[in-house]
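Overview (structure and organization)
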Amino acid sequence: MTLSGRNLTVNEPLLIEEKQEFAHESIWKVMLRKFLKNKLAVIGAIILVIIIASAIFAPWLAPQDPSKQVLLDKLSPPGEKYILGADNLGRDVLSRLLYGARVSLLVGFTSVAGSIFIGTMIGAIAGYYGGKLDAILMRFVDAVISFPSLFLLITLVTIFDPSLMTLIFVFAVFGWTGTARLVRGEFLALRSSEFVLAARTLGIKNSRIIFSHILPNAMGPIIVSATLGVGGVILGEAALSYLGLGIQPPIPSWGNMLQSAQNPQIMLGAWWYPLLPGFMILITVLSFNFVGDGLRDAFDPKINE
Amino acid sequence: MLKNRFLLFIVFMFVLIVTACSDGTVEESSNEANSEKEDNQTENTQTEEKSGGSLVLGTTAAPTLFNPYYSTDTSSSTIEGFIFSGLVTVDTDFNPEGDLAESWEFTEDGLRWTFHLRENVKWHDGADFTADDVVFSYGIPLHEDYIGPRGLPFEIIEEINKVDDYTVEFVLSEPYAPFITITAQFEVLPKHILGEVPIAELGMNKFNTKEPIGTGPFKFQQWKEGEYIELIANEDYYLGAPKLDSIIYKIVPDMNTLMAQLQVGDINLTGISPQYIETAKKLEEQGKVVVTSGPSNAFEYIGYNLRNELFQDKLVRQALTHAIDKEAIVQAILDGSGVVAHGPGSPANWAFNPDVPKFEYDPEEAKRKLKEAGWEPNKDGILEKDGNKFEFVLKTTSANEIRQQIAEVAQQQLSEIGIKTSIELLEWSAYVEQTSPPLWNFDAIVAGWSIGSDPDPTWFWHTSEIENGLNYNGFSNERVDELLSENTKISDIEERKRIIAEADAIVAEEQPDTFLYYVEGSLANAPNLHGPKFNAANTYYKIHEWYID
Amino acid sequence: MTTYIIRRTLMAFPLLFLITIISFGMMQMAPGDPTALMMDPMIKQENLAAYKEAYGLNDNVIVQYVRWLGNMIQGNFGESLIRQGVPVSELILARLPNTLILMIVSSVIAFLISIPLGVISATKRNSLTDYSITFVSFLGVATPNFWIGLVLIMFMSVHMGWFPTGGVATLGEPFSIWDRIHHLILPAFVLATADMAGLTRYSRSSMLEVLRQDYIRTAKANGFKNGTVIFKHGLRNGLIPIITIIGLMLPSFIGGSVIIESIFAWPGIGLLFVEAAFQRDYPVIMAVVVIAASLVVIGNLIADILYAIVDPRIEY
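Residues numbered from 1 in each chain as written. Chains lettered and ligands numbered in written order. Predicted model: local features only at pLDDT ≥ 70, side-chain atom pairs only at ≥ 80, totals over all residues. Heavy atoms only, no water.

A short note on a nonpolar patch on the surface
All names here are of chain C. Condition: For patch detection, residues must exceed 30% relative accessible area and be free of salt bridges, and they are connected within 9 Å for like charges or within 5 Å for nonpolar side chains (Val, Leu, Ile, Met, Phe, Trp, Tyr). In this description, accessible areas are obtained by the Shrake-Rupley approach with a 1.4 Å probe, and a residue is regarded as covered only by the protein chains that are shown. Here, a salt bridge means any side-chain nitrogen of Lys or Arg that lies within 4 Å of a carboxyl oxygen of Asp or Glu. Secondary structure counts use DSSP, requiring at least four H or I residues in a row for a helix and at least two E residues in a row for a strand, with both numbered from the N terminus.
A contiguous nonpolar surface patch, about 440 Å² in accessible area, is contributed by Ile104, Val108, Leu112, Ile113 and Phe189. Here the nonpolar patch gets 4 residues from one element, more than from any other, and that element is helix α4 (residues 88-123). Its place among the elements puts Ile113 in helix α4.

Pasting the structure below:
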């Protein structure tokens, strides 16, 4: 299982040691320009837009009902009847890929939204207040981060039934630690900056300082971490599918489609079937990584044009 | 697919006592066939066949411990069968055959059984095998401190008496037909080693995992954690020294990797599950393996919880069966590796009754019967009765891919007659907890039973098995209870067959389950390995005569 | 410095304690227990109840936890519930070396491939080479591990016959280093693919950082050849922080080992964990979690300490 996307973000604070203040308007333009210079990131972004759009419009794009079985057409090769072939129960692979995209992306986005939320909250509180609270929260983060991720996932998924909600919950609950560390780092750096000190002396409430003043400045790394996180979750779901603990059939996900095709007879005799969901996972995760990478460079003031 | 590792636990929920499951695999590791051992057998008449080599048996599930009174998994009982011997064993047709007992007789009332033991049998450590060992071993599950999973088959034993050093007598509390093929098949343990161990601690004794000593054809050599178990030939085996030098029971958790190992010759025997039968056949075409198949002693079904009002009407259950295209399931999911079932039991054993009421695939008939039972389609096409929709949850375990696919197919086919099902896949331990007593938390399940070496169906259908036993459906039928209570008291096979057939026919008529198919098992072995042939009763029958050329 | 190291080490203990509470609590919430594997018509209910009683499965969670913790502190992980009577420590000791070897070789492979790629990427920033390297290194991270593993077995082992199909050594052969290495290459490579992208990116940015430093510019200005400058000065300074991130790679290595070990029939603790999780073999699950977490904690500790040593800018 590869959750290195997370590790990347975890490592990041080591490199970003100082943060400078820029005026907001110009910084977005600069970043956009930097981002557009990174060709892989741009290609990734285009691919993601296409994939997300096809997931949203799956009901209109899918040529067939993704759960309709024609058992006699089991493993039919790509052709007129099934553009991308049929799976091991004679269901249209293209339709399942489209609906699978919905599920895989849904799990990816919602669980990352959840983990970003938790991570930002904990990181912001720890970083802003510092002291004992910070120490306690960070030890907790250390404990969670020290669990090898897949072990934690396996344990949690066996506790709860492996339903869609469970998976989202589990990925969210375990995936927030990287963000928490990152946000804490940003807050630690920013909390003694002049504009925060100024805000404090003006008697502005802590919550307002956190959300209106510091958070916008820490958005960059959070967005990067979220982007990489979605790819990580999609891969994590695939890894769990291998163990039979991912999204459960009959709901199609790229992970369980790939898993159900792992059989020498299918891999050699109907190679397109494992290849397609595998390829979808590949390009999606790849695109998320490139985009994340591009965003990171764009947000990093030290990397000049 | 790691999933398949757990398949074993599930396909063979009803663990056979005989080492007769289809998961056995043999592989030949090294070709250093040191045929130094002369044919020192006396009673066997084999000619100058080549001997030597190791059988490398590939499997996805690791064994747990080697003590038949404490282990429940297939891997362990397979290996126990190599190391130990029981009083009797069964041949490839489930007929009892003397093993440590040369002969036996029983009184007319079926209550008193006398076994005449083989003399000159030695334990692997050289000690003599005697009646004391039998009295000790069969007394283990009867002991008040016994904590283990094998209590029931011994319950009917009232006394075990040593008549002389080579004669043992059992007194039963009531006649019990499965006594000979179930109870008397239990392997005997050495009293001179374990006699002093407190029974409460026997399950944890290091004998079970470090130094099992038996009388069987192979001796325990080593257990390489997570890799393999090595057994070597017992030159003093009482039926003649095995021709194989050793057996290596190799653990390969991923079924795809196992198939790869079979293909390149890293293993030379393995059981093949239906998803891999096509792959195995392809290898057979290339001359890389030999595949043998046959009915295994098991059936698969969709079981209904009769505590649920939906399923209390027999007509409804029959209609559900009409709605399921079993033939399509067998062809598409199993690649033809199964036979459509109409009732319980299995063609692999003698008690099988093929003439039961049949409810063939016929969606129109299904709708008709449902209408008769008061279920009418509403405007969305979903069946309704008294304002209640016909919808239920179909549960099965994610550990078994075949059952998962069956659930998907059943869902679609039931939707075609207006029944709405949702599938819930549970991880194995959770699944067991939810479906078994005392929770019975299910509407319907996709499941299977493997039958023991005695075909007694009491476990599945008798009313007394509802509260604590395997009758998860909660099926209860007076006539069936009567027949089943009678069946184990009769020793005449023809008579028993008639009784079981009648009970099976009633069950098939009642359809507490939609009986899907009788499982077919397969075995693939390297072409130079001679001996293995798939059979449901005793896969490793006469393994001491197997050889590699 | 010494006080920092001592403080950091002491902090690891409450952390491990917290981990045991979290994992024990989670495990007890899981439905089912080890008796699920004893699904058998031959079992008597009284015996089943006696089993649960004898193995303490009926006790209060807190009682169970305290008993477990007490034993663990004395170095006793208890006995397996499934492999009755076998000490958990024995199972762990038999398997841990396999996992460690796999992880070490895997990280060596990851470093050997990623660092040169990262350095090249950095020196040729935004060139076609840079993009290609980025692309290729991300391929590994973006493909599900189990799929790469199975495809490699089918192609490299079965079809081409270049590598063994799994296991740690050839059966029946005497021990040989070459044989061991031969068995290690595929699983270690697949495990490494997951972290190569991260490492490559990391060494790239670390290198970029170094290349911007004044002394490199000065060296260049003074007429040193580009290659010499990069390798003599840049690489050395750039690599130090990279080495410390091994601690951060550990969790994904241990997690990845679960899948790699099952595909390649590699008898390590990842495989042991999955088995134990499905069988609800609580003592084994707990032992593996504690050991894996300790590895990570120790890894991070070493990384932090190394970092403190090599980077004098950090104050404590």
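So, next bit.
What about the interface of chain B and chain A?
Threshold: Whether two residues touch is decided by their heavy atoms; if any such pair falls within 4.5 Å, the residues are in contact. Here the buried area means the combined drop in accessible surface, using a 1.4 Å probe, for two parts upon being joined, counting both sides. By the criterion applied in these results, polar contacts are pairs of N or O atoms within 3.5 Å in which, for protein atoms, one can donate a hydrogen and the other can accept it, and in which residues neighboring in sequence qualify only through two side-chain atoms. Residues are sorted three ways: Asp, Glu, Lys and Arg are charged, Ala, Val, Leu, Ile, Met, Phe, Trp, Tyr, Cys and Pro are nonpolar, and all the rest, Gly among them, are polar.
Each side of the interface is counted separately: chain B has 30 residues, and chain A has 25 residues. For the pairing of chain B and chain A, the buried interface totals around 2,200 Å² over both sides, and the portion due to carbon and sulfur atoms is 53%. At the boundary of chain B and chain A, one finds 2 salt bridges. The interface formed by chain B and chain A holds 9 residue pairs in polar contact (both at pLDDT 80 or more) in total. Those elements giving two or more residues to the side of chain B that touches chain A turn out to be α5 (255-264), α6 (277-285), α8 (326-334), α10 (401-416) and β18 (420-426) of chain B. Broken down by element, the residue count for the side of chain B that touches chain A peaks at 8 residues, all from α10(B). When its residues are assigned to classes, the side of chain B that touches chain A shows 12 nonpolar, 10 polar and 8 charged.

A short note on the packing of aromatic side chains
All names here are of chain B. Worth spelling out the cut-off: For this analysis, a ring pair means two rings from Phe, Tyr or Trp (six-membered ring only for Trp) whose centres lie within 6.5 Å, classed as stacked if their planes differ by under 30 degrees, edge-to-face if by over 60, and tilted for the remaining angles. Only protein chains enter the calculation, and the probe is 1.4 Å; a residue is then buried if its accessible area is under 20% of its type maximum, exposed if over 50%, and partly exposed in between.
The final tally for this structure, using the stated rule, is 46 aromatic pairs over all chains. For the ring pair Phe299 and Phe460, a centre distance of 6.0 Å and an interplane angle of 90° mean the geometry is edge-to-face. In this pair, Phe299 is assigned in strand β12 (residues 290-304) and Phe460 in helix α12 (residues 458-461), connecting sequence segments 161 residues apart. Taken as a pair, Phe299 and Phe460 share a single burial class, namely buried.

Describing the packing of helix α7 (residues 149-159) of chain A against helix α8 (residues 164-175) of chain A
All names here are of chain A. In plain terms, the rule: Axes here mean lines fitted to C-alpha atoms, for a helix over just the part in contact, with angles spanning 0 to 180 degrees between N-to-C directions. By definition, any crossing whose near helix is turned counterclockwise from its far helix by less than a right angle is left-handed, and any crossing with a clockwise turn is right-handed.
The interhelical angle for the contact between α7 and α8, taken along N-to-C directions, is 145°, at an axis separation of 10 Å. α8 is crossed by α7, and the crossing has right-handed handedness. Judged by residue contacts, Ser149, Leu152, Leu153, Leu156 and Val157 of α7 engage Leu167, Val170, Phe171 and Phe174 from α8. Its residues placed into classes, the contact of α7 with α8 shows 8 nonpolar, 1 polar and no charged.

Overview of unusual backbone geometry
In this structure, the amide linkage connecting Pro437(B) to the following residue, Pro438(B), adopts the cis form with an omega of 0°. Along the chain, Pro438(B) turns up in the loop between α11 (428-435) and β19 (444-450). With a phi close to 45°, Ala265(C) is a non-glycine residue in the positive phi region. With respect to the element layout, Ala265(C) can be found in the loop between α10 (246-263) and α11 (269-279). Classification of Ala265(C) as buried rests on a relative accessible area of 6%.

Quick notes on the interface of chain C and chain A
In this complex, chain C contributes 61 residues to the contact, which on the side of chain A involves 60 residues. Here chain C and chain A share an interface that buries about 5,400 Å² over both sides, 73% of which is from carbon and sulfur atoms. It is Tyr131(C), Phe146(C) and Trp147(C) in chain C that bury the most area against chain A; as a group they hold 12% of the surface buried on that side. Applying the counting criterion to the chain C and chain A interface returns 0 salt bridges. If you look at where chain C meets chain A, you find 2 residue pairs in polar contact (both at pLDDT 80 or more). Listed by contribution, the elements that provide at least two residues to the side of chain C that touches chain A are α1 (2-29), α5 (128-142), α6 (145-159), α7 (177-211), α10, α11 and α12 (282-310) of chain C. Here the side of chain C that touches chain A takes 11 residues from α10(C), the largest share from any one element. Taken together, the residues of the side of chain C that touches chain A sort by class into 42 nonpolar, 11 polar and 8 charged.

Some remarks on the pattern of salt bridges
Should their charged atoms come close, side chains of opposite charge can pair. Enumeration according to the criterion identifies 30 salt bridges over all chains in this entry. As a salt-bridge pair, Arg204(C) and Asp130(C) come within 3.0 Å of each other at their nearest N and O atoms. With Arg204(C) in helix α7 and Asp130(C) in helix α5, the pair connects residues that are 74 residues apart, well separated along the chain. Residue Arg204(C) shares its accessibility class with Asp130(C), and that shared class is buried. One network of salt bridges, in which partners are shared, links Arg479(B), Glu482(B), Glu495(B), Arg498(B) and Glu502(B).

Here's the deal with the pairing of strand β7 (residues 167-172) of chain B
Residues and elements named next belong to chain B. Stated formally: One bridge is not enough; two strands pair if DSSP finds at least two bridges between them.
In terms of burial, β7 is largely enclosed, as 6 of its 6 residues are buried. In β7, alternate side chains face the same way, and those of Thr167, Glu169 and Val171 on one face and Val168, Phe170 and Leu172 on the other are all buried. As judged from the 5 bridges shared by strand β5 (residues 112-117) and β7, these two strands associate in the antiparallel manner. Pairing of Thr114 across the sheet is with Glu169, part of β7. Summarising the sheet, strand β6 (residues 157-164) and β7 pair through 6 bridges and their orientation is antiparallel. When the sheet's bridge partners are listed, Asp164 is paired in β7 with Thr167. Between β6 and β7, which follow one another and run antiparallel, lie 2 residues.

Section: the sheet that holds β7(B)
Residue and element names in this part refer to chain B. Taken in spatial order, the 4 strands make up an open sheet running β4-β5-β7-β6, and their pairing is antiparallel. The open sheet is flanked by β4 (101-106) and β6, the only strands paired with a single partner. Here the average twist between neighbouring strands, direction ignored, is 20°. The strands that helix α3 (residues 131-139) touches are β5, β6 and β7; relative to β6, the one it contacts most, it runs at about 170°.

Observations concerning the sheet that holds strand β14 (residues 376-377) of chain B
Across the sheet, which stays open at both edges, the 3 strands sit in the order β14-β15-β16 (chain B) with antiparallel pairing between neighbours. Each having just a single partner strand, β14 and β16 (388-389) of chain B make up the two edges of the open sheet.

Some remarks on the confidence of the model for chain B
All names here are of chain B. Test applied: As a per-residue measure, pLDDT reflects the predictor's confidence and takes values from 0 up to 100.
Put simply, chain B has an average pLDDT of 87, and 91% of its residues get 70 or more. Looking across chain B, the model is least confident in helix α1 (residues 7-11), with a mean pLDDT of 34, and most confident in helix α7 (residues 314-323), with 96. The model gives residues 1-48 a pLDDT under 50, and that stretch makes 202 contacts with residues more than four places away or in other chains. Across the assembled chains, the prediction reports ipTM 0.86 with pTM 0.86.

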